[in-house]
Amino acid sequence: MRLLPSVVTSLAIVCLIWLLAASQPNSALESGTKLLQSDSLQQQVQVTKVEKALEQDVEVSSDFYFDSVEISGVTQNIPLTQLPNLWLDFNDNDALQSSLKENPSKIFVYYRKFSSSYESAIVSIGFSTLEMKSQVSKTDIPTTPFSVLLSKDKYDNAQLNKAWDKIDYRRNVLAVVEVHHLNTDSSINNSEIFISYK
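The rules behind the values
- Within any chain, residue numbers begin from 1 and follow the written order of that chain's sequence.
- At least 70 in pLDDT is required for a residue's local features to be given in this predicted model, at least 80 for side-chain atom pairs to be given and counted, and no such filter applies to totals for whole chains, interfaces and linings, which use all residues.
- The side-chain quantities take in all heavy atoms of the structure and omit both hydrogens and water.
- Secondary structure follows DSSP: runs of H or I at least 4 residues long count as helices, runs of E at least 2 residues long count as strands, and numbering of each begins at the N terminus.
- For each residue, the accessible area found with a 1.4 Å probe, counting protein chains only, is set against the maximum for its type, and the residue is called buried under 20%, exposed over 50%, and partly exposed in between.
- In this description, contact between two residues means that some pair of their heavy atoms is separated by no more than 4.5 Å.
- The term salt bridge refers to a pairing of a side-chain nitrogen on Lys or Arg with a carboxyl oxygen on Asp or Glu at a separation within 4 Å.
- When DSSP finds two or more bridges between a pair of strands, those strands are recorded as paired.
- Lines fitted to C-alpha atoms define the axes, with helix axes restricted to the stretch in contact, and inter-axis angles between N-to-C directions lie between 0 and 180 degrees.
- Put simply, two rings from Phe, Tyr or Trp (the six-membered ring, in Trp's case) pair if the centres are within 6.5 Å, and we call them stacked under 30 degrees between planes, edge-to-face over 60, tilted for the rest.
- Within this scheme, the nonpolar core is defined by two criteria: the residues are buried Ala, Val, Leu, Ile, Met, Phe, Trp, Tyr or Cys, and they are joined through side-chain atoms within 4.5 Å.
- When charges are tallied, Lys and Arg are placed among the positive residues and Asp and Glu among the negative ones, while His and the ends of the chain are skipped.
- Definition of a polar contact: a pair of N or O atoms within 3.5 Å, with one able to donate and the other able to accept a hydrogen when the atoms are protein atoms, and with sequence-neighbouring residues admitted only if both atoms are side-chain atoms.
- Scored from 0 to 100, pLDDT reflects the predictor's confidence in each residue.

Asker: Please provide a residue-by-residue account of the overall build of the protein chain, values included.
Answerer: Per the secondary structure count, the protein chain includes 5 helices and 7 strands. For the protein chain, the succession of helices and strands along the chain, N to C, is α-α-β-α-α-β-β-β-β-α-β-β. Going through the 198 residues of the protein chain one by one, you find that 35% of them count as buried. When contacts within the protein chain are restricted to residue pairs at least 6 apart in sequence, long-range pairs at least 24 apart make up 74% of them.

Okay, structure coming up:
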C-alpha cells in the first residue's frame, strides 16, 4: 500500500515549508505587517464610510425627481428571489446590447407594483433611452418625489441588499429605483438606491 509513504512525504514537505517561513528575517515580517496594517486601515475607513451611509435615515432627502427618465430593457413580474434570472435575461439580450449607441453610463433597475407581502414586483432592468439607437421596450420612471435610500458610492451585493432593510414596509411603497453607474468597460463603478412612497 503506497498511501502511508505519500502521507509522510506530504507531511514532510509541509513541515519544511513552515520551517523555511519561520526562519525568514524579521524585517520582511515587519514590512509585511506594516503593509497589512495600512491595508486594514484603508478597509476599515471604507467599511466605516459604508456603515454610515447605511445608518442614514430613509428620509434623507425627499426632493429627488427622475425627470423624464425612460429606460429600455427587460421587464417582468417576478418573485424578487428570481431577480438574478432577470439579470441574466438582460445581459443575454443581444438585441438590447446591439441597440446601444456606445458604452452605457448607467443601468437602472426599477421596481414597482409590489405584492402585499413585498415578495414579488414588476421589475425593469435597462439603459436610458438616450443611450439607445433604437428601443427594445420602453418604461417610464415616474416623476414623483423619491428619497435617497442609499447614497452614491461603491457597494457590494450584501451592502445593497442591507439597504432594502431600511425601507419602511408599513408604508405603501410606490417604487424603488437602483442606479448603477458604469465604468468605460461596463463594470459597475458605484450605485445608489431611491425610494418613493405613495
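Asker: Quick rundown of the pattern of salt bridges? Include the residues and the values.
Answerer: Within this structure, the stated rule accounts for 2 salt bridges. With a shortest N-O distance of 3.2 Å, Glu70 and Lys138 are connected by a salt bridge. Here the residue Glu70 occupies a position in strand E1 (residues 70–79), and Lys138 occupies one in strand E4 (residues 138–140), the gap between them amounting to 68 residues. For Asp168, the salt bridge identified is with Arg170, shortest N-O distance 3.0 Å. Looking at Arg170, the relative accessible area reads 77%, which means it is exposed.

Asker: Go over the sheet that holds strand E5 (residues 147–153) with me, naming the residues and quoting the values.
Answerer: Taken in spatial order, the 7 strands of this open sheet run E4-E1-E3-E2-E6-E7-E5, and their pairing is antiparallel. Here the strands that pair on one side only, and so sit at the sheet edges, are E4 and E5. Strand after strand, the sheet turns through a mean of 25° between neighbouring axes, direction not considered. As judged from the 7 bridges shared by strand E2 (residues 106–112) and strand E6 (residues 173–182), these two strands associate in the antiparallel manner. When the sheet's bridge partners are listed, Arg112 is paired in E6 with Ala175.

Asker: Give a description of the packing of aromatic side chains that names residues and reports values.
Answerer: Each aromatic ring pair is characterised by the separation of its centres together with the angle its planes make. Enumeration over the complete set of coordinates arrives at 7 aromatic pairs. Taken together, a centroid distance of 5.6 Å and an interplanar angle of 50° make the contact between Phe114 and Tyr118 tilted. Grouped by ring-pair contacts, the aromatic residues Phe66, Phe146 and Phe194 constitute a single cluster.

Asker: Tell me about the nonpolar core, residues and numbers included.
Answerer: With 30 residues, the main nonpolar core has Val123, Ile125 and Val176 as its most contacted residues. Contributions of two or more residues to this core are made by E1, helix H3 (83–91), E2, strand E3 (120–128), E5, helix H5 (157–163), E6 and strand E7 (188–197). Among the elements that take part in this core, E3 stands out by supplying 4 residues, more than any other. Each residue touching Ile125, except ones within four places of it in the same chain, is listed here: Ser72, Gly73, Val74, Leu83, Leu86, Trp87, Phe90, Ile107, Phe108 and Val109.

Asker: Go over the environment of Arg171 with me, naming the residues and quoting the values.
Answerer: Summarising the element assignment, Arg171 is placed in the loop between H5 and E6. Sequence separation between Arg171 and Lys198 is 27 residues, and the spatial gap between their C-alpha atoms is 7.7 Å.

Asker: Summarise the pairing of E7; cite the residues concerned and give the values.
Answerer: Most of E7 sits inside the fold, with 8 of its 10 residues counted as buried. Bridge count between E5 and E7: 4 bridges; the pairing is antiparallel. Along E7, the bridge assignment pairs Asp153 with Ser191. Inspection of the sheet shows E6 paired to E7 by 9 bridges, in the antiparallel sense. Considered in E7, the bridge of Val177 is made with Phe194.

Asker: With reference to specific residues and values, describe the side chain of Glu131.
Answerer: Among the secondary structure elements, Glu131 is positioned in the loop between E3 and E4. Despite its burial, Glu131 pairs with no opposite charge, the nearest such side chain being Lys106 at 7.6 Å. A polar atom in the side chain of Glu131 sits 2.6 Å from the side chain of Ser105. Apart from the residues lying within four places of it in its own chain, the contact partners of Glu131 are Ser99, Leu100, Lys101, Pro104, Ser105 and Lys106.

Asker: Describe the confidence of the model for the protein chain, and please don't skip the residues or the numbers.
Answerer: When the pLDDT values of the protein chain are averaged, the result is 78; 68% of them are 70 or greater. Contacts of residues 27–50 to residues separated by more than four positions or lying in other chains number 6 contacts, the stretch itself having pLDDT below 50. Note on residues 52–61: pLDDT under 50 across the span, and 26 contacts to partners over four residues away in sequence or across chains.

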